[in-house]
Amino acid sequence: MRLLVCGGAGFIGSTFARQRLREHGDEISVLDKLTYAGREENFHDIVDDPRFRFMRGAIEDRGAVAKALDASEPEAIVNFAAETHVDRSIANPDAFVRTHALGSYVLLEAARERDLRYLQVSTDEVYGSIAQGTFTEQSPLAPSSPYSATKAGADLLVQSYFHTYGLQTLICRGSNNYGPYQYPEKLIPLMILNAIHGDTLPVYGDGMQVRNWIHATDFAAAIGHVLEHGAPGELYNAGGPDEQDNISVVRRIIELTGASQSQIEHVTDRPGHDLRYSLSSEKVRALGWSPQVRFGDGLAATVAWYRENGWWWEPVRSGEYRAYYAKQYGRSLET
């Protein structure tokens, strides 16, 4: 297929672009405005492929979207473009409203004008927290942060374009992703890099928040599978094969890096922090997808990747991220 991948310079978007290019032979055009977490380094290994094109621009910019569509002539739009970090949404929600609401609207209008298939990449956080059991596609939306609320709003807008205009829309909601190229504000890369450098490991509250972990390559495969085989107007949950509480993840990272348990520092919990996420993937499994990477294996491989790829994260830890970290956790990175 010819695909316009919006937000393709981000963690999951670049994983998807790489996978579709190498494993499926798709023509990939990426549109990304390159925020702090969207980096051209994320597709360094495919940028010279003649089937790959990068264009810089924001999805809320109608002109940039039209130009990208004219240049790429895609058969489908896959929208990864999003502000993704809950902590940043609490401190600065306006960026989340702009990207998720206005940006999704601009893309949907462009897809409607050209009669394109449209897939929205979403998150399990739109359902809120669940103490027992798992969320299904029929579970009510109960977002608890500006991040998840604006993602839920975008999902509803996407569904409305199917019901109102007959646009071929799809939504794929994933659980917590991890793997190479993830910006170090997120739990796993944050803990890996801090552990390696001897910095403290800031854990929110008691660390007993439970997450359903999925490797980014598995989620990318689910998105591609839904794009190819999903029914228009439907949404599909793609959860990982394993659940782990945050403190157990941190302790395992300590073991894998040779760090010390004494580096753990419990910090004030995030406002409105959801206790547990869990997704049922029965609907997408019925289409023929299943996750391939168990969390234990994927975490060990992820730690190894960060150890071996300092060229990727060293510019991050020496830049704006250090100021963000100091503001967020009340202390500076020591190294």
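Below is a short write-up of the structure. Predicted model, so just to flag it, every value in this text is computed and none were measured.

## A few points about the sheet that holds strand 7 (residues 176-178)
Line of reasoning, step 1. A sheet is described by the order of its strands in space; here three strands give the open sequence 7-9-11, paired in mixed fashion. Edge strands, defined here as strands with exactly one partner in the open sheet, are strand 7 and strand 11 (242-245). Taken pair by pair, the neighbouring strands of this sheet meet at an average axis angle of 45°, ignoring direction.
Line of reasoning, step 2. Pairing geometry for strand 7 and strand 9 (residues 210-215), over three bridges, is parallel. Of the residues in strand 9, the one forming a bridge with Tyr178 is His215.
Line of reasoning, step 3. Across the sheet, helix 7 (residues 216-229) touches strand 7 and strand 9, and the angle it forms with strand 9 is around 75°.

## Brief notes about the packing of aromatic side chains
Line of reasoning, step 1. According to the stated counting rule, one finds 20 aromatic pairs in the structure shown.
Line of reasoning, step 2. With 6.2 Å between their ring centres and 35° between their planes, Tyr204 and Tyr329 make a pair best called tilted. Of this pair, Tyr204 sits in strand 8 (residues 201-204) while Tyr329 sits in helix 12 (residues 320-329), placing them 125 residues apart in sequence. Across this residue pair, the class does not change: Tyr204 and Tyr329 are buried.
Line of reasoning, step 3. Pairing Trp305 with Trp312 gives two aromatic rings, centres 5.7 Å apart and planes at 65°, and the pair type is edge-to-face. By the burial criterion, Trp305 is buried, and Trp312 matches it.
Line of reasoning, step 4. One aromatic cluster is present, built from ring pairs that chain together Tyr36, Tyr183, Tyr204, Tyr321, Tyr324, Tyr325 and Tyr329.
Line of reasoning, step 5. Over the ring of Trp312 we find Arg39; its NZ or CZ atom is 4.8 Å from the centre of that ring.
Line of reasoning, step 6. The lysine or arginine in question, Arg112, covers the ring of Tyr165, its NZ or CZ lying 3.9 Å from the ring centre.

## Description of the side chain of Asn176
Line of reasoning, step 1. One can find Asn176 in strand 7.
Line of reasoning, step 2. Among all residues touching Asn176, those that are not within four sequence positions of it are Asp124, Arg211, Asn212, Trp213, Ile214 and Tyr277.

Rules used throughout
Residues numbered from 1 in each chain as written. Predicted model: local features only at pLDDT ≥ 70, side-chain atom pairs only at ≥ 80, totals over all residues. Heavy atoms only, no water. Pairing = 2+ DSSP bridges. Helix = DSSP H or I, 4+ residues; strand = E, 2+ residues; numbered from the N terminus. Axes fitted to C-alpha atoms, helices over the stretch in contact; angles between N-to-C directions. Contact = heavy atoms within 4.5 Å. Phe/Tyr/Trp six-rings, centres within 6.5 Å; stacked < 30°, edge-to-face > 60°. Buried < 20%, exposed > 50% of the residue type's maximum accessible area, 1.4 Å probe, protein only. Lys NZ or Arg CZ within 6 Å of the ring centre and 35° of its normal.

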